Amino acid sequence: MALANKNKTKFIFVTGGVASSLGKGIISASLARLLLARGYHVTIQKLDPYINVDPGTLNPYEHGECYVTEDGVETDLDLGHYERFTSIQTSQANNVTTGRIYQSVINKERRGEFLGKTVQVIPHITDEIKRRIKLLSAKNEYDVIITEIGGTVGDIESLPYIEAVRQLRYELGYGNTLIVHLTLLPYMAASGELKTKPTQHSVKQLLENGLQPDILVLRTEKHLTNEIRRKVALFCNVDVNAVIESIDVPTIYEVPLKMLDQKLDIVALEKLHLPHDNEPDLKRWIEFVEKVKHPKQQINIALVGKYTELPDTYKSIAESFVHAGATHHIKVKLQYVNSEKITPENVAAQLKGMAGVLVAPGFGHRGVEGKITAIQYVRENKIPFLGICLGMQCCVVEFARNVLGYADANSTEMENTAHPVIDLMEEQKGVTEKGGTMRLGGYPCELAEGSKVAAAYGKRQIVERHRHRYEFNNHYQEEFDHAGLKPVGINPETGLVEVVELTDHPWFIGVQYHPEYKSTVLNPHPLFVSFVQAAAEYAKEHPATNKQ
């Protein structure tokens, strides 16, 4: 077996057992935050066992939000957690799916690269997985790479990944690799005790696949006793100090601090033969958590969308409000409003008590008329408004119908119309495939001098991430400008409109891009910061908004 080499990149693998959605992404991001605070160069990647090439074509109800990286790749929502916790930009190399792995191997087979060999899961699929895992280390930029394996141990889909990790541990050496296993410790109300058996079975399953966990993180509703820690350690072959409690906390941003209290980072560094002499610098993080937990004011902001039954669909937006709210010592209470249920008759009741309204991104015609109705209401009643992607397009359609007088104005995504104020990009008209074919990733934008959006950013040259096919139709640009909905953000390379802003309104901005993808704990997005400030001012002027 290889010996630990201090000059090598170290690898931490995070697996899960018993149940899904226990928070592997949060634990991975928290550990990364702690290692960064100690001065280490860290990145995180996610291995997703589904056969989709990426989550771009998945229904949000299936998989939650589709996150987009700066280099234009549609990825798992956990990459959003990674960026928000670490402020490190991820890329295509940070997200791997089974679909992408098999696609790559099959393409190699078609090109004859396997020289006539029978292509099998072992070694060809596992070799490709190992290659993808080690891809980030090739740059020699990182001291530690944290790799989260999606799903739970025992899932047939995850087996190739577990096998690849088993092989890597042998090849790289135990001193260069670490296994963190996250499991559930259920509380049985009838007997009034925490049960360790599911964790024991999960570790046994992992052992059957050739992996011995080094650290166990136990997701629990109740605090662990020393007796439970010793019992788990004994039955699962881990050190007692490597049995870590992950209990429910008021905010996910408190998790790194809970992990710090239990020395998760020190345990990990010691097992990787890395020094931990430097005290972690978490001053700004602690201040942020205190502001989130102890706000001085609360305001209600409506999020109008069609996937409101699953808040994870809008995860990055929700977290952006947490970041921006903390900047102002404000708790933003998001009210999820289903756009399909909004009508001209009930819109006032649906948005009653709101200090601001955000109309969310989306695809397809379902719920669009409700969004347009909501936008007309906030425009006419001077309520702070932020439209993102389709939300921006809807505010353009609404303005065209009710101010410019084009009653049939619409987006060609919804219907063919004589006034397509939102239209398909020319280069998109011949595209038939859905996956990864939109305008994706970071694009430059130049903001108009003196605009509210430029004031929010504090600069005029920005780069923001996109995920869409349809655009503002420039044939109507002059009409909108003269009527008061001004195009104040333009892509300097293509002339496409990226931002519109209403002049006769306290705060009414629509953006074609997704600002939520770039908001982090330590760098809240300026557009959300400005929007929350405008909503807070509206709430002071309208005390009834604080009563709901």
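Coordinates for the structure precede this section.
In what follows, the accompanying structure is described. (Residues numbered from 1 in each chain as written. Predicted model: local features only at pLDDT ≥ 70, side-chain atom pairs only at ≥ 80, totals over all residues. Heavy atoms only, no water.)

### Digging into the nonpolar core
For soluble globular proteins, the rule of thumb is that nonpolar side chains tend to be buried together. Counting 79 residues, the largest nonpolar core has F321, L358, L386, V396 and L527 as the members making the most contacts within it. Here this core takes 10 residues from helix α18 (residues 526-541), the largest share from any one element. Excluding residues within four positions of it along the chain, V396 makes contact with V421, I422, F472, F480, L485 and V500. One finds V42, L79, F85 and L282 within the second-largest nonpolar core, a separate group that totals 48 residues. (Core = buried A, V, L, I, M, F, W, Y, C linked by side-chain atoms within 4.5 Å. Buried < 20%, exposed > 50% of the residue type's maximum accessible area, 1.4 Å probe, protein only. Helix = DSSP H or I, 4+ residues; strand = E, 2+ residues; numbered from the N terminus. Contact = heavy atoms within 4.5 Å.)

### Re the environment of I299
Examined against the element boundaries, I299 turns out to sit in strand β12 (residues 297-305). In this structure I299 comes out as buried when scored by relative accessible area, which is 1%. Between the C-alpha atoms of I299 and T343, which are 44 residues apart in sequence, the distance is 24 Å.

### Comments concerning the pairing of strand β18 (residues 439-447)
With 8 bridges connecting them, β18 and strand β19 (residues 461-468) associate as antiparallel partners. When the bridges of β19 are listed, L440 appears paired with R467. Pairing between β18 and strand β21 (residues 485-490): 2 bridges, direction antiparallel. Its bridge partner lying in β21, L447 is registered against G489. (Pairing = 2+ DSSP bridges.)

### Let's talk about the sheet that holds strand β13 (residues 330-338)
Here we have 9 strands laid out as an open sheet, ordered β13-β12-β14-β15-β23-β22-β21-β18-β19, and mixed in their pairing. The sheet is open, and its two edges are formed by β13 and β19, each paired on a single side. Neighbouring strand axes in the sheet, compared pairwise and without regard to direction, differ in orientation by 30° on average. With 3 bridges joining them, strand β14 (residues 356-359) and strand β15 (residues 385-388) adopt parallel strand pairing. Opposite L358, over in β15, you have L386 as the bridge partner. Helix α15 (residues 390-402) contacts β14, β15, β21, β22 (497-502) and β23 (508-511) of the sheet and is inclined by roughly 115° relative to β15. (Axes fitted to C-alpha atoms, helices over the stretch in contact; angles between N-to-C directions.)

### Some remarks on helix α3 (residues 78-86)
Of all 9 residues in α3, 9 are buried, a share of seventy percent or more. Looking only at α3, the buried set comprises D78, L79, G80, H81, Y82, E83, R84, F85 and T86. Immediately downstream of α3, the backbone of S87 shows phi near 60°, a positive value.

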